[in-house]
Amino acid sequence: MKLATLGWGVLGLLVLAAALEWHGHHRGYDDGVQATQAAAKKQVDAAVADRQLAEAQRAADALTLATVRRELKTLKDGLEAQRAISQAALDARDQLQNKLGKLLVQRTVEAQRAAHEDPQCADLARLPVCPAVAGQLWGPAASDQAGTSH
Amino acid sequence: MPAYRPLDRRLTAPIPAPPPPPANCSYQGQPAVCVLDGLLSIIQWQGVRERANADRATSATVTNQGTE
């Protein structure tokens, strides 16, 4: 009877020791799992943050590129429009000069006719330009022509 | 937004002076320009100015500096 009690006592102690051992192991295991999970979560968080940063950067770059493209397009369109205006002005240039030339001939003819027909201008039509002035206006040839004959 | 481009030679070529007026009068026996013809030659110079200003306006347009 005494022996049996002792046997139960030893068995109880063994069971307690086993339970404690199991509990300790389990706690150690849990700690390891938690540490691993924390480390993994940290890495995942860092990777997510990196990805978000990269995505934001990419979006900003895309926006910048779009803006630059749009500005270049505006610039190109403006330059093309100016080029067209320039070409049109150059194309019209000779025509404009010809028109001015014709108007000038017309005006000259009319002025000469009016001047030579007007008796009030007759004195001026007979009066020669003096050599000094002729030389200044039309060069030495005109001055010689106008009669500084030596 | 300036758009520089080389100016066409027609716009930069020198404009020749108009020919001197005819010598329809005489001074001391030599042919001379009459005062009336001399005055009328101002019209030719006015024409030169018009041509020059027209080319200046074209140059301004070609170089995108407006039409004034």
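Residues numbered from 1 in each chain as written. Chains lettered and ligands numbered in written order. Predicted model: local features only at pLDDT ≥ 70, side-chain atom pairs only at ≥ 80, totals over all residues.

To continue, consider the overall build of chain B. A tally of helices and strands in chain B yields 2 helices and 2 strands. Along the chain direction, N to C, the helices and strands of chain B fall in the order α-β-β-α. Burial statistics for chain B: of 68 residues in total, 22% are counted as buried. Summarising the internal contacts of chain B: among those between residues at least 6 apart in sequence, 43% fall at separations of at least 24. (Helix = DSSP H or I, 4+ residues; strand = E, 2+ residues; numbered from the N terminus. Buried ≥ 20, exposed ≤ 12 C-beta atoms within 10 Å, placed from the backbone. Contact = placed C-beta atoms within 7 Å.)

Attention now moves to unusual backbone geometry. In this model, B:Gln28 sits at a positive phi of 50 degrees, which is unusual for a non-glycine residue. Here B:Gln28 shows up in the loop between strand 1 (25-27) and strand 2 (30-32).

To continue, consider the nonpolar core. A:Val129, A:Ala134, A:Trp138, B:Ala23, B:Cys25, B:Tyr27, B:Ala32, B:Val33, B:Cys34, B:Val35, B:Leu36 and B:Leu40 together form the largest nonpolar core, which totals 12 residues. The contacts of B:Cys34, once residues within four sequence positions are left out, are A:Ala125, A:Arg126, A:Leu127, A:Pro128, B:Asn24 and B:Cys25. (Core = buried A, V, L, I, M, F, W, Y, C linked by C-beta atoms within 7 Å.)

Residues and elements named next belong to chain B. Considering every residue of chain B, the mean pLDDT works out to 88; 88% of them sit at 70 or more. Ranking the elements of chain B by mean pLDDT puts helix 1 (residues 9-12) last, at 91, and helix 2 (residues 35-62) first, at 94. Here the complex is predicted with pTM 0.63, and the ipTM for its interfaces comes to 0.81. (pLDDT = per-residue confidence, 0-100.)

With that out of the way, let us pick up helix 1 (residues 2-117) of chain A. Between the first and last C-alpha of helix 1 of chain A there are 168 Å, a value that for 116 residues agrees with the 172 Å anticipated at 1.5 Å per step. Along its length, helix 1 of chain A reaches its greatest deviation from straightness, about 35 degrees, at A:Arg93. For helix 1 of chain A, the buried fraction is low: 3 of the 116 residues fall into the buried class. By the burial criterion, the buried members of helix 1 of chain A are A:Ser86, A:Ala89 and A:Arg93. Among the structural elements, helix 1 and helix 2 of chain B are those in contact with the buried residues of helix 1 of chain A. (Expected span 1.5 Å × (residues − 1). Bend = angle between axes of the 7 residues up to and from the residue.)

To continue, consider the interface of chain A and chain B. Each partner contributes to the interface: chain A provides 33 residues, whereas chain B provides 31 residues. For the side of chain A that touches chain B, the secondary-structure elements that each account for two or more residues are helix 1, helix 2 (122-126) and helix 3 (131-145) of chain A. Broken down by element, the side of chain A that touches chain B gets its largest block of residues, 17 residues, from helix 1 of chain A.

Residue and element names in this part refer to chain A. Residues of chain A with pLDDT of at least 70 account for 93%, and the chain-wide mean is 87. Confidence, read as mean pLDDT per element, is least for helix 3 in chain A (78) and greatest for helix 2 (93). Note that pLDDT drops below 50 for residues 145-150; the model gives that stretch 22 contacts with residues more than four away or on any other chain.

Residue and element names in this part refer to chain B. An ideal rise of 1.5 Å per residue puts 40 Å on 28 residues; helix 2 measures up with 41 Å between its terminal C-alpha atoms. Burial in helix 2 covers these residues: Val 35, Leu 36, Asp 37, Gly 38, Leu 40, Asp 55, Thr 58 and Val 62. Looking one or two residues beyond helix 2, the residue adopting positive phi is Asn 64, at roughly 60 degrees.

Below, the discussion takes up the packing of helix 1 of chain A against helix 2 of chain B. The contact between helix 1 of chain A and helix 2 of chain B brings their axes to 10 Å, and the two run at 170 degrees. Judged by the inter-axis angle, helix 1 of chain A sits roughly antiparallel to helix 2 of chain B. The class makeup of the residues in the contact of helix 1 of chain A with helix 2 of chain B is 13 nonpolar, 8 polar and 4 charged. (Axes fitted to C-alpha atoms, helices over the stretch in contact; angles between N-to-C directions. Parallel < 35°, antiparallel > 145°, perpendicular 65-115°, else oblique. Nonpolar A, V, L, I, M, F, W, Y, C, P; charged D, E, K, R; others polar.)

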